[in-house]
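Tertiary structure, described
Next come the chains, spelled out residue by residue.
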Amino acid sequence: MDIVKWASQLSANLGTISVRQHVAAVCRFMNFYHLYSQGQKLSVQDQTMSVFAYMDFRGTGTKHLNSDHLLHALDWDGVAKTTVSSEFKFLESYAGSDARTLDRRLFRLPMSEVKNLRDQTDDFFIHLAKHRHFWADLRGDDNIRTPKRFRPTSRQKGFRPFPPEEEIRLIIAAESNSVFRAIWILLTYGASHRISEVLNIWQVGILPSSYNREFFGIPADDLPLVLIAHPNESTWLGDFNTNKMTRMEYLLNKYGFQPRPDRSSSDVLYAGFKTKKLFGDYLIAKTWWLNEGAALAFNECVNEIQAFHLRHRTSRKHPYFFINMFARDGRLGEPLTMKRVSKAWADACKRVGITPHVRGRNLHGLRHFTKFYMDELRLSASSIQTMRGDHSIISQDEYGQCATKVNQALTNMKH
């Protein structure tokens, strides 16, 4: 019951997928612990070390162990140390920040529930001896710390490649599907949205520029207004006179399904939503167009897509804007999936002779390009922060950095 209560508390602040990951890590550790201890009562110190032993085996896996080894039954593949580090944090959040409290709340899974993983081998501790000695030597004293080998290596995220503008323009020009063409334009020249945020845009989120004054107190600019709204908590449903019903409530009441970020990760319509900074009573963010010609080209696509929505009355089934316009089956008019967009991007690259997914030729690479483009426009860091929706001004430093800029600067200096 403890883990159920803990999961319920987590769900107040975390999404379904994250809660599942937390619970899975604890359950996985409980199974490991019963095999590791073989029912023996361990000291608090040894219990804490069992967590580090768990991390060791999570990193190396158990498939390499002999078939008569008790842990071989876990049948684990090795995982990346970033995964190991994350699971250690999950265990900390379950047991408390003090490692010495682990014995108070963990290890309550009945032995009967893991008997299918048990083996009656008598020399269990012999098999584990070298691991026990390894951790004991590593510990050295009572000051227990996460082993350094499980701490993620610091990595500089700069100099990430992204497609040059001439390639992006070729891709956009050759795209005949107005839905995908609109997405490529929006990701490139629309102030650095993520593809998951774009897939969460509603039909009522594409508006005439006159709405700028209503939402943001700025004059109309004759460019389409594209709103990024919180998929759960935003109350913008297309009418300023509606009550304060949230989008989550609206989706459940009208359509009987949850927002896309709350769906299972195995659901084809799942599309996450990160911590973009949102504004006002409606919890929305504005798309700031970086290129007027691109915005007008986007608007041409919007006209075609909106005509499709009206003709097929898609709002009877869902509120989303970016949909399948040319499917020949039941997917016609249904919201685009992440998988479909990824395939369309790969096809779009190949169409103009570009190899996708190499040297930043991917959808996230467009987000890096957009930050580079903002720098080229000499926008201030604070303006870029607002346009991107970053909570921290330093977040933008991870984007738009490329070796080409440094090389060009040095070349200019030499000449």
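Below, the structure is looked at part by part. (Residues numbered from 1 in each chain as written. Predicted model: local features only at pLDDT ≥ 70, side-chain atom pairs only at ≥ 80, totals over all residues. Heavy atoms only, no water.)

Let's talk about the sheet that holds strand E2 (residues 225-229)
Basically, it comes down to this: Strand pairing follows a simple DSSP-based rule, namely that at least 2 bridges must link the two strands. In this description a helix means any DSSP run of H or I spanning at least four residues, a strand means any run of E spanning at least two, and both kinds are numbered starting from the N terminus.
Pairing in this open sheet of three strands is antiparallel, and the strands run E1-E2-E3 from one edge to the other. Since the sheet does not close on itself, it has two edges, and those belong to strand E1 (206-207) and strand E3 (284-286), each with one partner. Relative to E2, E1 runs antiparallel, the two being bridged by two bridges. Paired with Ile 206 across the bridge in E2 is Val 226.

Let's talk about the environment of Asp 221
Defined as follows: When a residue's accessible area, from a 1.4 Å probe over protein chains only, is under 20% of the maximum for its type it is buried; when over 50% it is exposed; and in between it is partly exposed. By definition in these notes, contact holds between two residues if any of their heavy atoms fall within 4.5 Å. Distance and chemistry together define a polar contact, namely a pair of N or O atoms within 3.5 Å, with one atom able to donate a hydrogen and the other to accept it when in protein, and with adjacent residues in sequence counting only for side-chain atoms on both sides.
Locating Asp 221 in the fold gives a position in the loop between helix H10 (211-216) and E2. Take Asp 221: its relative accessible area is 35%, and that puts it in the partly exposed class. The spacing of Asp 221 and Glu 292 is 71 residues in sequence and 9.8 Å in space, taken between C-alpha atoms. Apart from residues lying up to four places away in sequence, Asp 221 is in contact with Ser 209, Asn 212 and Lys 286. Within the structure, the side chain of Asp 221 is placed 3.0 Å from the backbone nitrogen of Leu 223, a separation counted as a polar contact.

Describing the pattern of salt bridges
To be explicit about the condition: Only one rule defines a salt bridge in this text: a Lys or Arg side-chain nitrogen within 4 Å of an Asp or Glu carboxyl oxygen.
For the coordinates displayed, the defined rule picks out ten salt bridges. Here Glu 165 makes a salt bridge to Arg 169, at a shortest N to O gap of 3.4 Å. Pair noted here: Glu 165 and Arg 169 are both in helix H7 (residues 165-174), with a separation of four residues, about one helical turn. With a closest N to O distance of 3.1 Å, Asp 267 and Arg 263 form a salt bridge.

Observations concerning helix H8 (residues 178-189)
Stated formally: To estimate how far a helix should extend, the number of its residues minus one is multiplied by 1.5 Å.
For H8, built from twelve residues, the straight-helix expectation of 16 Å at 1.5 Å per residue is met to within 8% by its first-to-last C-alpha distance of 16 Å. By the criterion of burial, H8 is predominantly enclosed, with eleven of the twelve residues buried. Within H8, burial applies to Ser 178, Val 179, Phe 180, Ala 182, Ile 183, Trp 184, Ile 185, Leu 186, Leu 187, Thr 188 and Tyr 189. Buried residues along H8 sit against H7, helix H9 (195-199), E2, helix H12 (292-312), helix H13 (338-351) and helix H14 (363-376). The N-cap residue of H8 is Asn 177: its side-chain oxygen and the backbone nitrogen of Val 179 are 2.9 Å apart.

Notes on the packing of aromatic side chains
Definition in use: To pair, rings of Phe, Tyr and Trp, with the six-membered ring standing in for Trp, must have centres within 6.5 Å; the planes then decide the type, stacked if under 30 degrees apart, edge-to-face if over 60, and tilted in the middle. Whether a charge sits over a ring depends on NZ of Lys or CZ of Arg being within 6 Å of the ring centre and within 35 degrees of the ring normal.
One pass over the full model with this rule turns up 30 aromatic pairs. Between the aromatic rings of Phe 369 and Tyr 373, the centroid separation amounts to 5.7 Å while the plane-to-plane angle is 40 degrees, which identifies the pairing as tilted. One end of the pair is Phe 369 and the other is Tyr 373, both in helix H14 and four residues apart, which spans about a single turn. The same class applies to Phe 369 as to Tyr 373, namely buried. Grouped by ring-pair contacts, the aromatic residues Tyr 211, Phe 215, Phe 216, Trp 236, Phe 240 and Tyr 282 constitute a single cluster. It is Arg 58 that lies over the ring of Trp 76; its NZ or CZ is 5.4 Å from the centre. Over the aromatic face of Phe 257 sits the side chain of Arg 263, whose NZ or CZ is 4.9 Å from the ring centroid.

Notes on the pairing of E2
The buried count for E2 comes to five of five residues, which makes it a mostly enclosed element. Burial along E2 is two-sided: Leu 225, Leu 227 and Ala 229 and Val 226 and Ile 228, pointing in opposite directions, are all buried. In terms of strand pairing, E2 meets E3 through three bridges, oriented antiparallel. Counterpart to Leu 227 in the pairing with E3 is Lys 286.

Examining H14
If you check H14, its first and last C-alpha atoms are 20 Å apart, about what 14 residues at 1.5 Å a residue would give, namely 20 Å. For H14, the buried fraction is high: eleven of the 14 residues fall into the buried class. Of all the residues in H14, the buried ones are Leu 363, Gly 365, Leu 366, Arg 367, His 368, Phe 369, Thr 370, Lys 371, Phe 372, Tyr 373 and Met 374. One side-chain oxygen at the N-terminal end of H14 lies 3.3 Å from the backbone nitrogen of His 364; it belongs to Asn 362.

Re empty space enclosed by the protein
Defined as follows: Grid points spaced at 1 Å and placed over the protein atoms alone form the basis of the search, with a cavity being a set where a 1.4 Å probe fits but cannot get out and a pocket an open set showing protein on both sides within 12 Å along at least five of seven lines. Lining residues have an atom within 4 Å of a point. Grid points are joined across faces, edges and corners, and a volume is the space filled by probe spheres set on the points. Only Asp, Glu, Lys and Arg are considered charged, only Ala, Val, Leu, Ile, Met, Phe, Trp, Tyr, Cys and Pro nonpolar, and every remaining residue, Gly among them, polar.
As enumerated under the stated definition, the model contains one cavity of 30 Å³ or more in all. The space that makes up the largest cavity amounts to roughly 50 Å³. Surrounding the largest cavity, Glu 197, Asn 200, Ile 201, Trp 202, Gly 205, Leu 227, Ile 228, Ala 229 and Arg 247 form its lining. In terms of residue count, E2 provides more of the lining of the largest cavity than any other element does, three residues in total. For the lining of the largest cavity, the class distribution of residues is five nonpolar, two polar and two charged.

With respect to the nonpolar core
Basically, it comes down to this: Side-chain atoms within 4.5 Å are what join buried Ala, Val, Leu, Ile, Met, Phe, Trp, Tyr and Cys residues into a set we call a nonpolar core.
In terms of nonpolar packing, the biggest core is built from 55 residues, with Ile 183, Trp 184, Ile 201, Trp 289, Phe 298 and Phe 322 touching the most fellow members. At the level of elements, H7, H8, H9, E2, H12, H13, H14 and helix H15 (381-388) are the ones that each hand at least two residues to this core. A per-element tally of this core places H8 first, with nine residues. When near neighbours in sequence (up to four residues on either side) are disregarded, Trp 184 contacts Ile 171, Ile 172, Glu 175, Val 341, Ala 344, Trp 345, Ala 348 and Leu 363.

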